[in-house]
Amino acid sequence: MRTPAETVRLMTEHLGDMGVPAPLSGGVSPFNVLVGTVVSLRTRDAVTLEVTKRLLQRAPTPCELAGAPLCELEELLRPAGFFRVKARQLKETARLLCERHGGVVPRNRDELTALPGVGGKTAAFVMGMAFGIPAVCVDVHVHRISNRTGLLATRTPEQTEAGLMRIFPREEWTGLNHVFVCFGQRVCLPVRPRCTACPLKGECEWNP
Ligand code: SF4
């Protein structure tokens with residue numbers, strides 16, 4: 001029986017063999033990470049990158065974003081999914097950052113999740129990627145693969161987050177998201193996973 005560490009090691013090595021780059025680490029402002037994460041919901045990576053870049057060129061600080069006209073933000077966000085909702089959420093988030101937090105992104109989960117459009121997943125991503133605070137960011141890929149591989153048997157992302165925090169050491173929490181997401185986009189796809197090429201086949205509960 002494979003350990004959780006071996007499972008992640010096999011996934012990581014396989015991604016390396018496929019030429020998938022390691023995640024960016026450091027040097028990205030918390031505000032940029034927060035904006036990019038909100039934009040990314042239900043949006044392809046390439047579109048997220050482009051839209052976030054344009055948005056941050058127009059409004060590089062929370063106060064500039066808060067002061068930008070809603071119709072202009074909607075236009076910038078149009079290529080992303082749910083652009084009207086995201087425009088409203090980002091403008092309101094920016095206003096609250098200026099009013100409550102002196103124009104900076106807070107570091108703790110409760111203050112982050114009090115912002116519009118920021119759930120546990122986004123908060124964990126911002127904490128881990130922007131502040132280096134260990135956090136497990138559970139999205140659909142992380143939840144699906146954790147259960148398919150038998151690492152966990154959970155029903156909700158919240159249970160998956162708690163389970164992964166239990167079975168992995170704290171210093172590995174933040175990096176799990178990148179491995180699971182990349183693996184979920186390339187190998188363990190939601191529909192028709194590429195099991196024949198998967199390094200976990202043979203001991204995978206979904207495809208033993
Ligand atoms: S064997 Fe198939 S279902 Fe299991 S982890 Fe690999 S790709 Fe996913």
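Please read these numbers as outputs of a predicted model, since none were measured by experiment. (Residues numbered from 1 in each chain as written. Predicted model: local features only at pLDDT ≥ 70, side-chain atom pairs only at ≥ 80, totals over all residues. Heavy atoms only, no water.)

1. Things to note about the overall build of the protein chain
What counts is decided by this rule: Every helix listed is a DSSP run of H or I at least four residues long, and every strand listed is a run of E at least two residues long, numbered separately from the N terminus. For the radius of gyration, the atoms used are the C-alpha atoms, and the globule rule reads 2.2 Å times the number of residues raised to 0.38. Per-residue accessibility, obtained with a 1.4 Å probe over protein chains only, is compared with the maximum for each type, and a residue is labelled buried under 20%, exposed over 50%, and partly exposed between these values. Any two residues whose heavy atoms approach within 4.5 Å at even a single point are treated as in contact. Residue burial considers only the protein chains on display, and all accessible areas are found by Shrake-Rupley using a 1.4 Å probe. Note on charges: Lys and Arg go in the positive column, Asp and Glu in the negative column, and His and the chain ends are not counted at all. In this description, the location of a charge corresponds to atom NZ of lysine, CZ of arginine, CG of aspartate or CD of glutamate.
Scanning the protein chain from terminus to terminus reveals 11 helices and zero strands. Start at the N end of the protein chain and walk to the C end: the helices and strands fall as α-α-α-α-α-α-α-α-α-α-α. Relative to the compact-globule value of 17 Å for 208 residues, the protein chain shows a C-alpha radius of gyration of 18 Å, a close match. Buried residues in the protein chain amount to 44% of all 208 residues. Considering only contacts within the protein chain whose residues lie at least 6 apart along the sequence, 58% involve residues at least 24 apart. Carbon and sulfur atoms make up 56% of the accessible area of the protein chain, which totals about 10900 Å². With 26 positive and 20 negative side-chain charges, the protein chain shows a spacing of 6 Å between the two charge centroids.

2. Some points on the site of the ligand
Using the following cut-off: Neighbouring residues are identified by heavy atoms, a residue being near a molecule or strand if any of them is within 4 Å of it. All residues other than Ala, Val, Leu, Ile, Met, Phe, Trp, Tyr, Cys, Pro, Asp, Glu, Lys and Arg, Gly among them, are scored as polar; the first ten of these are nonpolar and the last four charged.
As a structural note, the neighbourhood of the ligand is formed by Arg 148, Thr 149, Cys 188, Pro 193, Cys 195, Cys 198, Leu 200, Lys 201, Cys 204 and Trp 206. Residues that form the shell around the ligand fall into these classes: seven nonpolar, one polar and two charged.

3. What about the environment of Thr 7?
Of note, Thr 7 is situated in helix α1 (residues 4-17). Residue classification places Thr 7 among the buried positions, given a relative accessible area of 6%. Apart from residues lying up to four places away in sequence, Thr 7 is in contact with Arg 2, Leu 151 and Leu 200.

4. A short note on helix α2 (residues 30-40)
Across the 11 residues that make up α2, a large majority, eight, are buried. Those residues of α2 that sit buried are Phe 31, Val 33, Leu 34, Val 35, Gly 36, Thr 37, Val 38 and Val 39. Buried residues along α2 sit against α3 (45-58), α4 (62-67), α5 (70-77), α6 (83-101) and α8 (120-131). Directly beyond the C-terminal end of α2, a positive phi value near 55° is found at Arg 42.

5. A look at unusual backbone geometry
You will see that Arg 42, though not glycine, has its phi angle at about 55°, which is positive. Counting through the fold element by element, Arg 42 comes out in the loop between α2 and α3. With a phi angle near 50°, Arg 192 is a residue other than glycine that sits in the positive phi range. Relative to the assigned elements, Arg 192 resides in the segment after α11 (173-186). For Arg 192, a relative accessible area of 73% gives the class exposed.

These figures come from the coordinates and say nothing about function on their own.
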